[in-house]
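Here's the letter readout for the chains.
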Amino acid sequence: MADSIKERTEEVRAKFASFADPDDKWKFLLDLARAHKGMDASLKDAKFIIQGCASTMYLVPKFDNGVLHFEMDVEGGTTNPLISRGLGALALKVYNDLPPSEILTLDPVFFQDIGLNVGLSPTRSNGFASLVKQIYLYARVYDAISKK
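So, here is what we can say about the structure in this document. All values derive from a computational prediction rather than experimental measurement.

**Some words on unusual backbone geometry**
- Positive phi outside glycine occurs at Asn65, with the angle close to 55°.
- With phi around 60°, Asp97 is a residue other than glycine that occupies positive phi space.
- Along the chain, Asp97 turns up in the loop between helix H3 (82-95) and helix H4 (100-103).
- Of the residues examined, Asp97 reaches a relative accessible area of 40% and is grouped as partly exposed.

So this is what it looks like as structure tokens:
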């Protein structure tokens, strides 16, 4: 994986630009979902649930040595969680294991710019926006803590 958020977003942008068929985006997200290891069940606490997702998504932050690490997992419910899990894995591909200040440099509109929102159901789109909003909230909190 690329080291900086700039390199990571360039890598993701290039990947999305390479899709010849719109369905390739979904295949890529499903591949990310299947490859994502999930998280230990002991971390799944209601306080870490992302509100507004079609599935139950957990996002657990850990701040250590100036870097923000996230654990993420998705559980079913009434929907197939693979697309939600793939969206979460994509967010982690961009944001995970970076200093909070670096996370805050990326405008979340990046995901719209690459066409991620095209074809997403309103529920999944809202859920992904809630996930990204939560990542930025954690980044702002830990950035403030790290500056004390």
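**A look at the pairing of strand S1 (residues 56-64)**
- As paired strands, S1 and strand S2 (residues 67-75) are joined by 9 bridges and run antiparallel to one another. For Leu59, the partnering residue across the bridge sits in S2 and is Met72.
- The hairpin turn running from S1 into S2, its antiparallel successor, is 2 residues long, and Asn65 in that turn takes a positive phi close to 55°.

**Concerning the packing of aromatic side chains**
- One pass over the structure, following the stated rule, counts 9 aromatic pairs.
- Ring centres of Tyr95 and Phe111 lie 6.0 Å apart, and the angle between their planes is 50°; this geometry places the pair in the tilted category. A residue pair is termed long-range when its members are at least 10 positions apart, and Tyr95 in helix H3 and Phe111 in helix H5 (residues 110-113) qualify at 16 residues. In this structure, Tyr95 and Phe111 share a single accessibility class: buried.
- Centre to centre, the rings of Phe110 and Phe111 are 5.1 Å apart; their planes meet at 70°, and the pair counts as edge-to-face.
- We classify Phe110 as buried; its relative accessible area is 3%.
- Note on Phe111: relative accessible area 4%, which makes it buried.
- What links up through ring pairs into an aromatic cluster is the set Tyr95, Phe110, Phe111, Phe128 and Tyr136.

Definitions and limits used
- Residues numbered from 1 in each chain as written.
- Predicted model: local features only at pLDDT ≥ 70, side-chain atom pairs only at ≥ 80, totals over all residues.
- Heavy atoms only, no water.
- Helix = DSSP H or I, 4+ residues; strand = E, 2+ residues; numbered from the N terminus.
- Buried < 20%, exposed > 50% of the residue type's maximum accessible area, 1.4 Å probe, protein only.
- Pairing = 2+ DSSP bridges.
- Phe/Tyr/Trp six-rings, centres within 6.5 Å; stacked < 30°, edge-to-face > 60°.

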